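Coordinates in review
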Amino acid sequence: MRNNIPTIIFVILFTIFFSINKISGDDNCATLKQAILFYKAQRAGRLPDTDIPWRGNSVLTDSSPGSSFDSNGDGDLSKGFFDAGDGVKFGLPMCWSMTMLGWNYIEYSSNIESCGLTDLYLNVLKWGTDYILASHLSDNVFVAQVGDGNVDHSVWEPPEFINYVRPVYLINSSFPGTELAMEAASALAAASIAFKSSNPTYASTCLSHAKTLYTFGNTYQGSYSVSVPAASAFYNSYSGYTDELVWGSVWLYKATGDSSYLTSAENYYTSNNVGYAGTSNSFDWDQTAGGSSVLLYKLTGKDFYKQMVDQTMNFWSKGGGITYTPGGLAWIREWGPCRYAMSMSFLATVYGTDSSLQFAQDQLNYVLGDKTGQSFVVGLGSNHPINPHHRAAHHSTTNDIYNPVNNLYMLNGALVGGPGSDDSYVDDRTDYIKNEVALDYNAGFVGTLSYFAKGSSSSSSSTTSSIPTTTSISTTTTTTTTSSNPTTTTTSSTTSSSTTSSSTTSSSTPTSTNTATSTPTPTATPTATPTTTTTSTPSTSTTPTQTTTPTTSPSSGTTTIETTTGDLGTSGDSSNGTSPIIKPTSTPGTSTGASTETSTGTSTGTSTGTSTGTSTGASIGSQNPPGIEKDGSSSDALGLGDILPLSIITLFVLSSIHLLLNN
């Protein structure tokens, strides 16, 4: 019997190794599911499910100029996603996030399927691309933004309670926005590939709009930051639009196979030195060069693009130029460093070298808390954030960022901004530099997770290397009180004033300084200015300023405004143009916050409608839907499927040891 001891030991070790990798892969599936569900928590409009039971219908009257409401009374722009912890729909970061989700699905659909998450994933993606399609009002008109960031950020309330004026900002041939048009084209091109097999009709629709948007952005070149100054204070285009010209061209080539798009991509790439601009920078909604370099290398195999990707990966490696925290996070700048690490990690998985995959694994391990013991993903790990800067999850009904003390609902799967360069971090809702969450934050996180996820039920092959250790979803329960998700009714879709009350207490607003190395933003000079007449485009011969004056004055509470929601400076280049259209919309209902509202831009006229209605709805209360804990997490976070394999392994090991000792 003693001669069999080496064999028995080998079997034990092999079994343990196999089981640990299996469990780790399944854990990554659970983590991936939560990261995807974050997007469901960000949904606007009439919600078709209760996957996030504490979210309700919101901003149902968001609509484009001249449009009609549907049979439910909903506007054509009511859906889409709220950007971060606020109630604004910013077009550029939303479109970039959908491009990323589409790209990730193209790369790792087999892994997503192995986790049983295909339907959920495509449902989330389509919610975003449906909004992008709805935003494409005509060939050369696209919705850039819904909601005024300054107004929205002066109120601290869940989106279900929003009833303030929500202007709609557009880009068109006279007020171009090449960055946005190209990003929207990219998102729809990626979606056309993602939906090609499961929904070919929808894929064809996406591709058709992608082509038209590409032509719009390519023909009328100009910076959207100039055309939509309301966006520039929050998502200013620091890198200019030359990188998006490449990005959009690459995606149209990938979706169509038309070599003319590839020719344009390569010409724009070289003539504007786009590749070099991305080698010592982040990859994000503003700077897309790094992603274009990876795509061009994968599509052409040319050594020049490989050199650009290698330079980028070297910059992000230890000793390569970027700062590393003591715990190992690749830290490029103060505002939301975790999102940059994750988006670069996604590129690293697509590039697929041993060193780039190790980088991705190390960065994923860091944000999940394996490096320092501090997780930066809500609900994941033993020490995770519970108070992200998020109005819906906090769910204050008193317009007070400090009341309640802890968020009422757990925003599981949300990646927060991250630590300082010294790994310092405090779970403080008012510190939105470190605790903001956003669509673009989770985009790279979902992509990186998808590479490492491998469900045990899959029979398809996966290109995963070593699986990073992840911790199971936390079931930490925070104090939960009754709230309501109002269903709103309306008799009018517009209003020129909002009536709100009670004190507004919000967080202090630090000054954010952009530190990205980027190319200058070109002056908006359309290559042509044709006469375009549409029902939604006003005459551009005059640019009057619209000022919306609230009917209430701010109460005695302290009101401060968050100046940014991303990696941006405190102001953008807003002196050279105005938005072509601002069409106020309103969501009826009652509100408990004081708001000061000022919006600027070109207006087609004066809104004369008034909003009436009351908020009604069932209270979530202390009783939770089956399978949902008070913190919003699934009650089977650690179910039989997780416990049984561990129990079998333990029994097997103990039995084998007993056998060895008795022989």
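Below you will find a few notes about this structure.

What counts, and where the lines are drawn
For every chain, the first residue of the written sequence is number 1, and numbering continues from 1 onward in sequence order. Only residues with pLDDT of at least 70 are given local features in this predicted model, and only at 80 or more are side-chain atom pairs given and counted; all residues enter the totals for whole chains, interfaces and linings. No hydrogens and no water enter the side-chain calculation; it runs on all heavy atoms of the structure. The rule is short: rings of Phe, Tyr and Trp, with Trp giving its six-membered ring, pair when the centres are within 6.5 Å, and they are stacked under 30 degrees, edge-to-face over 60, tilted in between. Using a 1.4 Å probe on the protein chains alone, a residue whose accessible area is under 20% of its type maximum counts as buried, one over 50% counts as exposed, and one in between counts as partly exposed. What is meant by a nonpolar core is a set of buried Ala, Val, Leu, Ile, Met, Phe, Trp, Tyr and Cys residues, joined one to another through side-chain atoms within 4.5 Å. Contacts are residue-level and defined by heavy atoms, with any inter-residue pair within 4.5 Å sufficient. Note on method: axes are straight lines fitted to C-alpha atoms, helices fitted across the in-contact stretch only, with angles between N-to-C directions ranging 0 to 180 degrees. Secondary structure follows DSSP: runs of H or I at least 4 residues long count as helices, runs of E at least 2 residues long count as strands, and numbering of each begins at the N terminus. The scheme is simple: roughly parallel for angles under 35 degrees, roughly antiparallel for over 145, roughly perpendicular for 65 to 115, oblique for anything else. For any helix crossing, the convention is left-handed if the near helix is rotated counterclockwise from the far helix by under a right angle, and right-handed if that rotation is clockwise. Residue type decides the class: Asp, Glu, Lys and Arg count as charged, Ala, Val, Leu, Ile, Met, Phe, Trp, Tyr, Cys and Pro as nonpolar, and the leftover types, Gly among them, as polar. Between the first and last residue of a helix there are one fewer steps than residues, each counted as 1.5 Å, and that sum is the expected span. In this analysis, strands are considered paired if DSSP registers two or more bridges between them. Salt bridges are defined as contacts in which a side-chain nitrogen from Lys or Arg sits within 4 Å of a carboxyl oxygen from Asp or Glu. Any N or O atom pair separated by 3.5 Å or less is treated as a polar contact, with the protein-specific requirement of one donor-capable and one acceptor-capable atom, and with residues adjacent in sequence counted only for side-chain atom pairs.

**Looking at the packing of aromatic side chains**
Throughout the structure, instances matching the rule amount to 29 aromatic pairs. Ring geometry for phenylalanine 195 versus tyrosine 202: centroids 5.1 Å apart, planes at 85 degrees, classification edge-to-face. Here phenylalanine 195 falls in the buried class, since its relative accessible area comes to 3%. The exposure class assigned to tyrosine 202 is buried, which follows from its relative accessible area of 10%. On the basis of an interplanar angle of 85 degrees and a centroid distance of 4.8 Å, the ring pair of tyrosine 451 and phenylalanine 452 is categorised as edge-to-face. Judged by relative accessible area, which is 2%, tyrosine 451 ranks as buried. Owing to a relative accessible area of 0%, phenylalanine 452 belongs among the buried residues under this scheme.

**Some points on the nonpolar core**
Counting 148 residues, the largest nonpolar core has Tyr39, Trp103, Phe142, Trp316, Val367, Leu411 and Phe445 as the members making the most contacts within it. Ignoring any residue separated from it by four or fewer positions in sequence, one finds tryptophan 103 in contact with Ala190, Trp247, Trp251, Phe283, Gly291, Val294, Leu295, Phe346, Leu347 and Val350.

**Notes on the packing of helix α13 (residues 303–316) against helix α14 (residues 337–351)**
Packing of α13 against α14 leaves a shortest axis separation of 11 Å and a crossing angle of 140 degrees. Relative to α14, the element α13 is oriented oblique. For the pair α13 and α14, the sense of crossing is left-handed. Facing Lys306, Val309, Asp310, Thr312, Met313 and Trp316 of α13, the residues of α14 in contact are Tyr340, Ala341, Met344, Leu347, Ala348 and Tyr351. Within the contact of α13 with α14, the residues separate by chemical class into 9 nonpolar, 1 polar and 2 charged.

**Considerations on helix α18 (residues 439–452)**
Taking 1.5 Å per residue as the helical rise, α18 with its 14 residues ought to reach 20 Å, and the 21 Å between its terminal C-alpha atoms agrees with that figure. Buried residues dominate α18, accounting for 14 of its 14 residues.

**As for the pairing of strand β4 (residues 168–171)**
Going residue by residue along β4, you find Val168 and Leu170 tucked away on one face and Tyr169 and Ile171 tucked away on the opposite face as well. As defined by bridge partners, strand β3 (residues 141–146) adjoins β4 across 4 bridges and the pair is classed as antiparallel. By the bridge assignment for β4, valine 146 is matched with valine 168.

**Overview of the pattern of salt bridges**
Tallying each qualifying case throughout the model produces 12 salt bridges. A salt bridge links lysine 89 to aspartate 62, with the shortest nitrogen-to-oxygen separation between them at 3.0 Å. Of this pair, lysine 89 sits in strand β1 (residues 89–90) while aspartate 62 sits in the loop between α1 (5–41) and β1, and the two are 27 residues apart along the sequence. With relative accessibility at 0%, the residue aspartate 62 sits in the buried group. By sharing partners, the salt bridges in this structure join Lys40, Arg43, Asp49 and Asp51 into a single network.

**Points about the environment of threonine 312**
Its location among the elements puts threonine 312 in helix α13. Along the backbone, threonine 312 and glycine 278 are 34 residues apart, and their C-alpha atoms lie at a distance of 6.9 Å. With near-sequence residues (within four places) excluded, threonine 312 lies in contact with Gly278, Thr279 and Met344. Within the structure, threonine 312 has its side chain in polar contact with the backbone oxygen of methionine 308 (distance 2.9 Å).

**What to know about the side chain of arginine 339**
Of note, arginine 339 is situated in helix α14. One polar contact links the side chain of arginine 339 to the main-chain carbonyl oxygen of glycine 336, over a distance of 3.0 Å.

**Examining the environment of serine 424**
With respect to the helices and strands, serine 424 occurs in the loop between α16 (391–394) and α17 (432–435). Given the relative accessible area of 30%, serine 424 is considered partly exposed. With 10 residues separating them in the primary sequence, serine 424 and lysine 434 have C-alpha atoms 9.8 Å apart. Once residues lying within four places of it in the same chain are set aside, the contact partners of serine 424 are Pro419 and Lys434. Polar side-chain contacts of serine 424 include one of 2.6 Å to the side chain of aspartate 422.

By themselves, these are just geometric observations and shouldn't be taken as functional.
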